[in-house]
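# Close look at the chain arrangement
Chain by chain, the residues:
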Amino acid sequence: MDITIIGTGYVGLVAGACFSKAGHNVISLDTNVERINGLNNLELPIFEPGLKNIITKSFKEKRLKFSTSYKQACVNKVIFICVDTPSKKNGEADLTNLKKVLNSLAEFIQPGAMLITKSTVPVGTGKFIKSFFDNKFANREMNLRFCSNPEFLREGSAVRDFLKPERIIIGCDSPQGRKIMEEIYHPIDKKIFNKMIYMSVSSAELSKYAANAFLATKISFVNEIAKLSDKVGANIHEIKSALGSDSRIGDQFLNAGLGFGGSCFPKDLNALYYLEKKFKLEPSIVKTVLALNNSQIDYFYNKIKKHYGRSLKNKTICFWGLSFKPNTDDVRDSMAISLINKLSKEVKYLRLYDPVANKNAKMVLSSLSDIEFFENMYDALHSSDCLIIATEWELFSKPDIKKLSFLKDKLIFDGRNILDADQLNKYNIIYNGIGC
Ligand code: UDX
């Protein structure tokens, strides 16, 4: 099948790559000329495990093309919209980029084309897109089809999530549209039909927000229990095993820590909050989850302050982890970056390390002085007073403990609860997790 993907961010780039891997001919379109030039030279704008290999192969085999031309992209009749929908100041999802796409498509789209929205969009956007084209082509028979197909991939495991999805949500009212969606997804995996869940466009749009909000709620809930564990001397790891073994609860997204960041959870929760308000509902859960998450950094920061019991101004602190989660170089809404901004005003020096996010972190922290980036995690540790772990990279979970002993204060603040406290204590290293 010939497919066009509009937008080469995380979702668009991964979708284009994976559909081409499945054998479809894909045109990936973006109006960012620099980005498309880079992609045509096989330079990826993001770090995502496995993505470069797929793109390189499909590009060389001419199943994946990159373009800035809507005219060229609209040769195909199956078109996915994967542009970003960032937060406005009031939390509402900003559909400016999506509307630009619709205007550009209106010039070149062919009769019989199918438009599929993968971007996370507020409920009602599907109806808006349909009425936009109904108005544009009021005097012309276009027979356009519309579908909502929200994407659930996670950064860091995006390729695997796309190729082995747990479910594919199809919000589409027409049987023909559903058939096209089956033809698109079938080559990825012959058994994929079992994973396709059909529903109305509005339900599909809301499902995405509901899923993200639910996962974020799990995280904030476990963070709340972790804080209580700190007070009463319980251990959140033990509590997690008790909770997680109950299949009604499930054991995922129960890791306490600095809280959730990234380009999706905070944005989508804010958009859901806005949507509920718009329909005169009281978004109590969403509001609390956001507030808890925002205060989690303060909780951890106060732990550091309390431990030292005095000013931090003579302290050199090493940071391991800058991205918002492991296996990505994405630092958008990263808890590590928030904490660095907060601490930088108070400490003598910060020594920072991330396996892949140093470059992006340098850009967002460019206004700070007295910070330094390192290419090796143990070089960053050298001559530091204490260590903060801010991202749950697997690499950090099994450190060379002898090297940790070189920390001047023999002190670790583990913002992701990934180290073994008992083992560290054997080396007389003081361990501070969250709820453990
Ligand atoms: C999320 C959704 O999981 C995905 O389905 C959706 O398509 C996009 O948003 P992503 O933002 O890539 O994906 O990362 P995710 O793995 O969900 O983690 C989000 C944040 O939660 C990270 O900051 C992570 O560190 C944090 N987290 C996750 C926890 O604090 N505890 C956990 O148990 C799990």
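Predicted, not measured: the structure shown is a model, and the values here were computed from it. (Residues numbered from 1 in each chain as written. Predicted model: local features only at pLDDT ≥ 70, side-chain atom pairs only at ≥ 80, totals over all residues. Heavy atoms only, no water.)

Counting its regular elements, the chain contains 18 helices and 14 strands. Taking 22 Å as the expected radius of gyration for a compact globule of 436 residues, we find that the chain reaches 24 Å, a close match to that expectation. C-alpha atoms of the chain, sized along the principal axes, occupy 75 × 50 × 40 Å. Counting the 436 residues in the chain, one finds 53% classified as buried. Total accessible area on the chain is roughly 20400 Å²; 51% of this is exposed by carbon and sulfur atoms. Once the 61 positive and 47 negative side-chain charges of the chain are each reduced to a mean point, those two points are 1 Å apart. (Helix = DSSP H or I, 4+ residues; strand = E, 2+ residues; numbered from the N terminus. Rg over C-alpha atoms; globule rule 2.2 N^0.38 Å. Buried < 20%, exposed > 50% of the residue type's maximum accessible area, 1.4 Å probe, protein only. Areas by Shrake-Rupley, 256 points an atom, 1.4 Å probe, with all protein chains shown as cover. Lys, Arg positive; Asp, Glu negative; His and termini not counted. Charge placed at Lys NZ, Arg CZ, Asp CG, Glu CD.)

For the structure on display, the rule yields 19 salt bridges. As a salt-bridge pair, D409 and K315 come within 3.0 Å of each other at their nearest N and O atoms. Here D409, found in the loop between α17 (401-404) and β13 (411-414), pairs with K315, found in the loop between α12 (284-308) and β9 (316-320); they are 94 residues apart in sequence, far enough to count as distant. Overall, D409 belongs to the partly exposed group, its relative accessible area being 26%. A salt bridge links E392 to R416, with the nearest nitrogen and oxygen atoms 3.3 Å apart. (Salt bridge = Lys/Arg side-chain N within 4 Å of Asp/Glu carboxyl O.)

Taken in spatial order, the 6 strands make up an open sheet running β11-β10-β9-β12-β13-β14, and their pairing is parallel. Among the strands making up the open sheet, the edge pair consists of β11 (371-374) and β14 (430-432). With strand direction ignored, the average angle separating the axes of adjacent strands in the sheet is 20 degrees. Across 4 bridges, strand β12 (residues 386-389) lies against β13 in parallel orientation. Within β13, the residue paired with I389 across the bridge is D414. Sheet strands in contact with helix α13 (residues 335-344) are β9, β10 (349-353) and β12, and its direction is about 175 degrees off that of β9. (Pairing = 2+ DSSP bridges. Axes fitted to C-alpha atoms, helices over the stretch in contact; angles between N-to-C directions. Contact = heavy atoms within 4.5 Å.)

If you check the shell around the ligand, you find 20 residues, and the closest are F152, L153, E155, K325 and E392. The separation between an oxygen atom of the ligand and a polar main-chain atom of F152 is 2.7 Å. In isolation the ligand exposes 670 Å². Once the protein is present, 94% of that is buried. Counting residues per element, the shell around the ligand draws most heavily on helix α9 (residues 201-232), at 3 residues. Its residues assigned to classes, the shell around the ligand shows 9 nonpolar, 4 polar and 7 charged. (Near = heavy atom within 4 Å. Polar contact = N/O pair within 3.5 Å; in protein donor to acceptor, adjacent residues only side chain to side chain. Nonpolar A, V, L, I, M, F, W, Y, C, P; charged D, E, K, R; others polar.)

Let us now look at helix α1 (residues 10-21). The terminal C-alpha atoms of α1, which comprises 12 residues, lie 16 Å apart, in line with the 16 Å expected from a rise of 1.5 Å per residue. By the criterion of burial, α1 is predominantly enclosed, with 10 of the 12 residues buried. Among the residues of α1, those classed as buried are Y10, G12, L13, V14, A15, G16, A17, C18, F19 and S20. Count one or two residues on from α1 and you reach G23, which has phi positive near 110 degrees. (Expected span 1.5 Å × (residues − 1).)

For the rest of this paragraph, the subject is the domain arrangement of the chain. Accessible area lost on assembly of the parts is the figure often given for the size of an interface. Split by domain assignment, the chain resolves into domain 1 (2-199), domain 2 (209-289) and domain 3 (295-432). The distance between the C-alpha centroids of domain 1 and domain 3 comes to 38 Å. If you look at the interface, domain 1 gives 8 residues, while domain 3 gives 9 residues. Summed over both sides, the interface of domain 1 with domain 3 buries roughly 590 Å², with 48% coming from carbon and sulfur. Linking domain 1 to domain 3 there are 1 salt bridge. Among the ionic pairs, R332 bridges to E155, the shortest N-O distance being 3.7 Å. For the pair domain 1 and domain 3, the number of links is 4 residue pairs in polar contact (both at pLDDT 80 or more). (Domains from an automatic or database assignment. Buried area = accessible area lost by both parts, 1.4 Å probe.)

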